[in-house]
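Geometric and topological summary
Read off the chains here:
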There are 2 protein chains.
Amino acid sequence: MVDYFKSLVQPDIRQMIRERDRAGLKALLDVMHPAVAASILEDMKDQEIWAVLDNADLPRRVEIFEYMSLRRQAELVRSLDQRRLSELLEEMSPDDRVDLLSRMSPQRVEQILRLIAQAERNDIRRLLSYDENTAGAIMTTEYASLPVNITVGEALQRLRQQAPDSETIYYIYILGEDRRLKGLISLRELILAPEDQPLAEIMETDVIRMRVDEDREHVAQELARYNFIAMPIVDEHDRLVGIVTHDDAIDVVQEEATEDAYRQGAVEPLRDDYEDAPISVILWKRGVWLLALSLVALVTAWMLGLYEHATSSGLRDAPPDLSGTLIILFLPLVMASGGNAGSQSATLFIRMFALQPTDAAVPGTEFRVDRRLILRELLIGLALGTTLGVLDALVVTIGFHLGIWESSGTVGDLRRALVVGLTVLSIVVVGTAAGTLLPILFRRLGMDPAIMSNPLIAAIVDVLGVVLFYEVAMTFL
Amino acid sequence: MVDYFKSLVQPDIRQMIRERDRAGLKALLDVMHPAVAASILEDMKDQEIWAVLDNADLPRRVEIFEYMSLRRQAELVRSLDQRRLSELLEEMSPDDRVDLLSRMSPQRVEQILRLIAQAERNDIRRLLSYDENTAGAIMTTEYASLPVNITVGEALQRLRQQAPDSETIYYIYILGEDRRLKGLISLRELILAPEDQPLAEIMETDVIRMRVDEDREHVAQELARYNFIAMPIVDEHDRLVGIVTHDDAIDVVQEEATEDAYRQGAVEPLRDDYEDAPISVILWKRGVWLLALSLVALVTAWMLGLYEHATSSGLRDAPPDLSGTLIILFLPLVMASGGNAGSQSATLFIRMFALQPTDAAVPGTEFRVDRRLILRELLIGLALGTTLGVLDALVVTIGFHLGIWESSGTVGDLRRALVVGLTVLSIVVVGTAAGTLLPILFRRLGMDPAIMSNPLIAAIVDVLGVVLFYEVAMTFL
């Protein structure tokens, strides 16, 4: 929808810039949804964007600016002088502002902070200090709050004053002394209650809250589980320090899903969207993994060399099947079967972990996996392996019988089929076990289980596939 | 947090059931957040759950019930008689109700619909008729709406009456004749405006809306892009038929991420969570893919057979390297390199598509991929392939020189290294091309590009790897 609209409106905007139609540009920015304005402007030139945005009032200008991608925001502020930059930053919402500042050089941040009012400056410094994966890094400090000892009517009155500075006024937090979180009331309940009722009578006191150092993914998921519009975030003394809103939570869920998908595909997560990431960064994030996986594949080649040597020298009187033919024909099948079964297990377990992060802050909730799930997974591996093994053995028998593969050895077709079938069965079980246990191990070590990407599981299974295939072949041929 | 809490509270609850402490159970359900109550009760026995829930008032009981997983909801209603089931369904929110009904047998649904009031029944039938991947299937029909010709004060008055039946009253939709969507006003703006101001003066008239047959993933993403609490959903005559709320959108984003991850790992998406899915379903959803991938691997084996035949019979005077040794040692390396590079490209493109679905409803916005992105991806493939090829060639030279691999052939180490290096280079480029173009092709055909899973890309690249390796070897040896 926006793409279509964009191609219609961009030429008009350029014409208005040329004609210096300042009133027309202002009217256009005022009538469009800021998200639409942002995506129309985003791929225009920097000076064009400012030539348009400068016509809007500061709040509107900042609203549109905040809807642009972080990468584009960082590019755009480069051409601003310090005065205009500090004006922009002061108007921005605290969470978006900190995201932008964390993209700028520390020197520029220090220069610009000097121009910003003391209160805002402290807020910025505190938000900048939180680790980027925590609740602190995604929360905003602009929440609506009220004292406990007032009536509904007074509350509505005070709320009208706070509204312009709050990210949401639909949840209002009731604070006790020292800003401790005492209660929660929704605007819905507030407008339903009689004007003279004390807040204390209608507020919810058992407020679900999360810690500022909690993992941002966990915060997003808890917010989703409770269907909240915002999750209150407290410090170690239970003082309210911010809120994470529903729109930031949905962004986190999308970003984490993208990171996990990248890891599963053996790409280190990118900071920008794929389209926007510099080519050098992409090369690095992929090259590292390709090289690591190549190393494992070279171990496979080394194992193959060992077995080739053993079968061609130590066992000179071994049937020709052993010294190559059967192995070369079906090694790719063996490797693919084990690798694919392993990828499936790893995918299912990694996704399961992603949907239920543990709560590090509460004792007694260490990471545990139900043993029955592991057992069930291994049984599934056995069932799948048996099915595949039988079917592959059948195909091999028929294939040799029909001459699709040439019988260069002296062993019967059935025995060859037995070797391939048994190897496929065992490698599928081994692959399933690796795909299940390695992500669990990594998770237990406190690392991201998604590091056990599908290609890495496949690479590990490849090495084991060589060993299994030769061992089974040497036993039965 | 909940796991910890659960282990503390469950024994108490069981004791209260035994002691028939109805008042205590009611008080407990009233004070806990319904989501917490749901997860504490969820893994208790069916009759225990009803013995607890029956003590709460109907609205509270239904609220807790709605927070349980769909699978558990479907199990629980089996033990209800028709009267209690219809009572429960009438109280449920329209979207959750329809999700539950779509899990029940058509006969049971027909029986139960007879007991439900006419208006609700029509609502249920309409919602049941939408395709499960569309906005219609996730929207709720309980939105707040007002006519255009009233003042702010009257609006607040009417809203207080609608509040108990609305999923959210934070966005209020202004409807014209025939329920056409004319405007939008937020509760925030409403409480800030003077009581005697006409709604028409403060409402937003350029309301962003989506069609009821729009893909649910697209709706969730647009809602996230605009930071909406709810997205209005209209029919083909622009009449408001429902809203999709932020909490449903975040569920959709999570479900779609899980589906895509499963597809990427070659598992057909499951309807339930992995932990809850029946073993037979998991076997089927995985077995189908493993079999399909085995077929491709058998094609690889067939190709290998053809080349083995050609090199061992047609080219009897070919160096021994060609008839096996070099191929068997490094085929896994070649296949892994191509498959991994292909998985990376496919992952990046599939995730990019997932984050920007097209808008099928608007003309001129057909699916297009920026050609520069494809070109850039192929260049990246070339760069990665060159790096890997050079490094692998180096390792091969050193390996043969040091005797890690035995030189059974007559060809020099450098020439072997050249063959391996060139093959790796070409297969990485081929893998990248396959990983880029196949998802694009599938997307263009209107199919889910995630069907081009990592294992499938790898399997296709395996076949091409055999061809490339033998062709390069036959050229240079």
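What counts and what doesn't
Residues numbered from 1 in each chain as written. Chains lettered and ligands numbered in written order. Predicted model: local features only at pLDDT ≥ 70, side-chain atom pairs only at ≥ 80, totals over all residues. Helix = DSSP H or I, 4+ residues; strand = E, 2+ residues; numbered from the N terminus. Expected span 1.5 Å × (residues − 1). Buried ≥ 20, exposed ≤ 12 C-beta atoms within 10 Å, placed from the backbone. Least-squares fit on C-alpha atoms with pLDDT ≥ 70 in both. Contact = placed C-beta atoms within 7 Å. pLDDT = per-residue confidence, 0-100. Core = buried A, V, L, I, M, F, W, Y, C linked by C-beta atoms within 7 Å. Nonpolar A, V, L, I, M, F, W, Y, C, P; charged D, E, K, R; others polar. Arc of directions from axis to C-beta. Domains from an automatic or database assignment. Pairing = 2+ DSSP bridges. Axes fitted to C-alpha atoms, helices over the stretch in contact; angles between N-to-C directions. Parallel < 35°, antiparallel > 145°, perpendicular 65-115°, else oblique. Left-handed = near helix turned anticlockwise from the far one by under 90°.

The subject of this paragraph is helix α21 (residues 454-476) of chain B. Taking 1.5 Å of rise per residue, 23 residues should cover 33 Å, and α21 of chain B covers 31 Å from first to last C-alpha, within 8% of that figure. Within α21 of chain B, 17 of the 23 residues are buried, which leaves the element mostly enclosed by the surrounding structure.

Overlaying chain B on chain A yields an RMSD of 0.1 Å, the required transformation being a rotation through 180° with an accompanying axial translation of 0.0 Å. The transformation just described matches what one would write down for a two-fold rotation axis. The overlap is high: 100% of the interface residues of chain B also sit at the interface in chain A, so the same surface is used on both sides.

Our focus in this paragraph is the confidence of the model for chain A. Residues and elements named next belong to chain A. With 93% of its residues at a pLDDT of 70 or more, chain A shows a mean pLDDT of 87. Looking over chain A, one finds the lowest element-wise mean pLDDT in helix α17 (residues 279-314), namely 80, and the highest in strand β5 (residues 230-234), namely 97. In this model, residues 360-365 is a region of pLDDT below 50 whose contacts with residues beyond four sequence positions or in other chains number ten contacts.

This part takes up the nonpolar core. In this structure, I172, I233 and V244 of chain A together with I172, I233 and V244 of chain B are the most contacted members of the largest nonpolar core, which totals 222 residues. Other than its neighbours up to four places away in sequence, I172 of chain B contacts A144, S145, L146, L159, I185, L187 and L190 of chain B. A35, L41, I49 and L85 of chain B belong to the second-largest nonpolar core, a separate cluster that totals 25 residues.

Next up on the list: the interface of chain B and chain A. Tallying the contact residues gives 99 residues for chain B and 99 residues for chain A. With 22 residues, helix α18 (residues 321-355) of chain B is the single largest residue contributor to the side of chain B that touches chain A. Per-class residue counts for the side of chain B that touches chain A are 59 nonpolar, 23 polar and 17 charged.

Of the residues making up helix α4 (residues 46-53) of chain A, those classed as buried are I49, V52 and L53 of chain A. Buried residues of α4 of chain A, seen end-on, are gathered within an arc of 90° and therefore sit on one face of the element.

All names here are of chain A. Considered domain by domain, chain A is made up of domain 1 (2-132), domain 2 (138-246) and domain 3 (279-476). Here the C-alpha centroids of domain 1 and domain 2 sit 29 Å apart. With five residues of domain 1 at the interface, the matching set in domain 2 holds seven residues. Counted by class, the side of domain 1 that touches domain 2 contains two nonpolar, one polar and two charged residues.

All names here are of chain A. In space, the three strands of this open sheet follow the order β1-β2-β3, with mixed pairing throughout. Among the strands making up the open sheet, the edge pair consists of β1 (143-147) and β3 (181-186). Direction aside, neighbouring strands of the sheet carry axes that sit 35° apart on average. In terms of strand pairing, β1 meets strand β2 (residues 168-175) through five bridges, oriented parallel. Paired with Y143 across the bridge in β2 is T168. Packing against the sheet, helix α12 (residues 152-162) makes contact with β1 and β2, and its axis sits at approximately 145° to β1.

Residue and element names in this part refer to chain B. The element strand β6 (residues 240-245) is extensively covered by neighbouring structure, given that six of its six residues are classed as buried. By the bridge criterion, five bridges tie strand β5 (residues 230-234) to β6 in an arrangement that is antiparallel. By the bridge assignment for β6, V234 is matched with L240. Two successive antiparallel strands, β5 and β6, enclose a turn made up of five residues, where D238 displays a positive phi of approximately 65°.

All names here are of chain B. Pairing is mixed in the open sheet, where three strands are placed in the order β4-β5-β6. If you trace the sheet from one side to the other, it starts and ends with β4 (210-211) and β6, each paired once. Helix α15 (residues 216-225) contacts β4, β5 and β6 of the sheet and is inclined by roughly 135° relative to β5. Its contacts with the sheet place helix α16 (residues 246-264) against β5 and β6, and it is angled at close to 65° to β6.

Positive phi, normally seen in glycine, also occurs at D178 of chain A, with a value near 65°. Tracing the backbone shows D178 of chain A in the loop between β2 and β3.

Here we take up the packing of helix α5 (residues 58-66) of chain A against helix α7 (residues 82-91) of chain A. All names here are of chain A. Where α5 meets α7, the axes come as close as 9 Å, and the angle between the chain directions of the two elements is 80°. Classified by the interaxial angle, the pair formed by α5 and α7 is roughly perpendicular. Residues L58, P59, V62 and F65 of α5 form the contact with α7, whose participating residues are E87, L88 and E91. Taken together, the residues that form the contact of α5 with α7 break down as five nonpolar, no polar and two charged.

Moving on to the pairing of β3 of chain A. Residues and elements named next belong to chain A. Inspection of the sheet shows β2 paired to β3 by five bridges, in the antiparallel sense. For L175, the partnering residue across the bridge sits in β3 and is L181. The turn joining β2 and β3, which pair antiparallel and follow one another in sequence, is formed by five residues; a positive phi near 65° is taken by D178.

What follows is about the packing of helix α20 (residues 413-444) of chain A against helix α21 (residues 454-476) of chain A. Residues and elements named next belong to chain A. Where α20 contacts α21, the two axes come as close as 9 Å, and the packing angle between them is 150°. Here α21 runs roughly antiparallel to α20, going by the angle between their axes. The two elements α20 and α21 meet at a crossing, and its hand is right-handed. Mapping the contact onto sequence places R415, L418, V419, L422, T423, S426, I427, V430, G431, A434, G435 and L438 in α20 and I457, I460, V461, L464, G465, L468, F469, V472, A473 and F476 in α21. Classifying every residue of the contact of α20 with α21 gives 16 nonpolar, five polar and one charged.

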